[in-house]
Amino acid sequence: MAGHSYSGVPRWVYAPAAVGALFIVLPLVAMGTRVRWTEFFSLVSSDASVAALLLSLRTSAASTVLCVVLGVPMALVLARTTFPGQDLLRSLALLPLVLPPVVGGIALLYTFGRRGLLGDTMEVLGIQIAFSTMAVVLAQTFVALPFLVLSLEGSLRTAGQRYEEVAATLGATPTTVVRRVTVPLVLPGLVAGTVLSFARALGEFGATLTFAGSLQGVTRTLPLEIYLKRESDADAAVALSLVLVVVAVVVVALTRGTRRTA
Amino acid sequence: MNRPLVVSTLLVLLATAAGCGSDADESSDSTLTVLGAASLQSAFEEVLGPRFEDSHPGVTIKFSFAGSSDLSAQIDQGAEADVFASADAANMDKIDDQVDNRVDFASNTLQIAVPPDNPASVSAFADLTSPDVNVVVCAPEVPCGAAAVKIEEATGEQIDPVSEEASVTDVLNKVVTGEADAGLVYVTDVQAAGSDVRGVPFDESDEAVNVYPIATLADSANAGLAKDFVDLVTSDEGQQALRDAGFARP
């Protein structure tokens, strides 16, 4: 949050600010009014719903781990080193943030698909990505990775290198510096980035639909289940949407919590 | 960002939003809005729409194509439209009390779509039950999936799909990209996809025929024009256009 030197804002700012807040809150309230509370638990505890929720949690957790494993080194390289083409690489790394997810799905399809760039290699190795849970994890990681890289790189730049330099002059190896100085210093940013990637992975829809398919317990995550239920059972779709809203609220609260301790 | 900039941005946003609102409310008497099932797009948009405009000078026809259940839900939520053409009876039944002049105008059956080189050598419905064939179907919740289930029940052959998609377009896409060896889609979808896929007809498709109803909406402000469009669709000319797109008689 930006620190104001004085607390006053012009009165007229409140009106458009209220409209903006209403614009976000009203649709959520409207959806809440359509939930059939008496049937809520039977709707969200059907086999299909539970399978979708569990699959979503499992795949999102797996892609969050992938995001941390790949994203932390990426952020370190982007924030702490200089090399030719770095700006271009940074822009490319953030691309999935602004790409429509369906475009990401198509791109993944032409990379990991049976007839994609790596399709033959995969076949030789005996790995079939198409229509597997692995495809869901890949799609989620693709869209969620920039969230982690972006927030961690920001934290790394804000934290600066003074302590790292001191540690190095005291004889610490680069690995020790990263482990004992850098990571503890940017931990709040890392946690916030991790939680945000998890949330993005949980909400992933377009790339999964395009790339992974939709089969109960294998590739049909909660957003896909909602999309499908909407066709036949609007009440169940609304109830499941509410579950995702609650999860999102918890995630946002968690990130805000970690930011405050920063 | 400084504060005046934020404020002016907000004001521009608000002004744009207000502009959108008034734009959407604007309705001219000479615009006919037709909500159609996605599979009708080429026949309606390329052939019947222009013909209708030619025979009704001053009238603009506006199409909106989507899944029938989406369109049915939109009408139920008060969408302003004049004509609704559904891909199945069920979605028309849902809003039966809000429509007039309902009539069946076409039918569609399933066909197996395979990549042009047919990598799994699929030639009959029974081939889809082989575990070596990656088959993609529609989920039972959507009309094309319900049709597939009906055929499975009639033949006793059980497909074990690798994916159950929410729309026929998604099924077709998995076949076009070669991810799937075969997919169950409508005859009209195979025809619309051209050389990207090959259609494999199968006898058992008769077990599930999707009949398409069309109707005028009771709330239509252009009831006369709406009825004219329904008449065009059911006329010989309209039926020929539908035949060309792969549809059969109702």
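Source: prediction; values computed, not measured. (Residues numbered from 1 in each chain as written. Chains lettered and ligands numbered in written order. Predicted model: local features only at pLDDT ≥ 70, side-chain atom pairs only at ≥ 80, totals over all residues. Heavy atoms only, no water.)

Peer 1: Explanation requested: the pairing of strand S7 (residues 182-186) of chain B in the structure shown.
Peer 2: Residues and elements named next belong to chain B. Among the five residues that make up S7, five are buried, leaving the element largely enclosed by the rest of the structure. Pairing of strand S5 (residues 135-138) with S7 involves two bridges; the strand directions are parallel. Bridge pairing in S7 places Val136 opposite Gly183. (Buried < 20%, exposed > 50% of the residue type's maximum accessible area, 1.4 Å probe, protein only. Helix = DSSP H or I, 4+ residues; strand = E, 2+ residues; numbered from the N terminus. Pairing = 2+ DSSP bridges.)

Peer 1: What is the right way to read the environment of Gly199 of chain B from this model?
Peer 2: Residues and elements named next belong to chain B. Take Gly199: it is sitting in strand S8 (residues 198-200). A relative accessible area of 29% places Gly199 in the partly exposed class. In this structure, the C-alpha to C-alpha distance between Gly199 and Val185, residues 14 residues apart in sequence, is 9.2 Å. The residues touching Gly199, leaving out its near neighbours within four places in the chain, are Gln111, Ile112 and Val190. (Contact = heavy atoms within 4.5 Å.)

Peer 1: How should I be thinking about the nonpolar core in this particular structure?
Peer 2: Note on soluble globular proteins: their nonpolar side chains tend to be buried together. Residue and element names in this part refer to chain B. Core analysis: the largest hydrophobic core is formed by 36 residues, its most contacted members being Ile112, Leu128 and Leu184. Mapped onto this core, the elements with two or more residues apiece are strand S4 (99-114), S5, helix H5 (143-155), helix H6 (168-176), S7 and helix H7 (187-193). Setting aside residues no more than four positions away along its own chain, Leu128 makes contact with Ile112, Val122, Val135, Ile159, Ala182 and Leu184. (Core = buried A, V, L, I, M, F, W, Y, C linked by side-chain atoms within 4.5 Å.)

Peer 1: Whenever I open this one, the packing of aromatic side chains confuses me. Can you help?
Peer 2: What characterises a pair of aromatic rings is the spacing of the ring centres plus the angle enclosed by the ring planes. Applying the stated criterion to the full structure yields 12 aromatic pairs over all chains. Consider the rings of Phe40 of chain A and Phe41 of chain A, whose centres lie 5.3 Å apart with planes at 90°: the pair is edge-to-face. Residue Phe40 of chain A is classed as buried on the basis of its relative accessible area of 11%. Where Phe205 of chain A meets Tyr227 of chain A, the ring centres are 4.9 Å apart and the plane angle is 65°; that geometry is what we call edge-to-face. Here the residue Phe205 of chain A occupies a position in the loop between helix H10 (187-203) and helix H11 (206-211), and Tyr227 of chain A occupies one in helix H12 (residues 222-232), the gap between them amounting to 22 residues. Of the aromatic side chains, those joined through ring pairs into one cluster are Phe44, Phe52, Phe63, Phe65, Phe105, Tyr212, Phe229 and Phe247 of chain B. (Phe/Tyr/Trp six-rings, centres within 6.5 Å; stacked < 30°, edge-to-face > 60°.)

Peer 1: What am I meant to see in the packing of helix H3 (residues 47-80) of chain A against H10 of chain A here?
Peer 2: Helix packing for two helices is described by the angle between their axes and how far apart those axes are. Residues and elements named next belong to chain A. For the pair H3 and H10, the least separation of the axes is 9 Å and the interaxial angle reads 140°. In terms of orientation, H3 and H10 fall into the oblique class. The element H3 and its partner H10 pack so that their crossing is right-handed. Residues Ser56, Leu57, Ser60, Ala61, Ser63, Thr64, Cys67, Val68 and Val72 of H3 form the contact with H10, whose participating residues are Leu190, Thr194, Ser197, Phe198, Ala201 and Leu202. (Axes fitted to C-alpha atoms, helices over the stretch in contact; angles between N-to-C directions. Parallel < 35°, antiparallel > 145°, perpendicular 65-115°, else oblique. Left-handed = near helix turned anticlockwise from the far one by under 90°.)

Peer 1: When you look at the packing of helix H7 (residues 133-159) of chain A against H10 of chain A in this model, what are you seeing that I'm missing?
Peer 2: All names here are of chain A. Contact geometry for H7 and H10: axes closest at 8 Å, N-to-C directions at 160°. For the element pair H7 / H10, the angle class is roughly antiparallel. As for the relative orientation of H7 and H10, their crossing is right-handed in sense. Within the contact between the two elements, H7 uses Gln140, Val143, Ala144, Phe147, Leu148, Ser151, Leu152 and Ser155 and H10 uses Gly189, Leu190, Gly193, Thr194, Leu196, Ser197, Arg200 and Ala201. The residue inventory of the contact of H7 with H10, partitioned by class, reads eight nonpolar, seven polar and one charged. (Nonpolar A, V, L, I, M, F, W, Y, C, P; charged D, E, K, R; others polar.)

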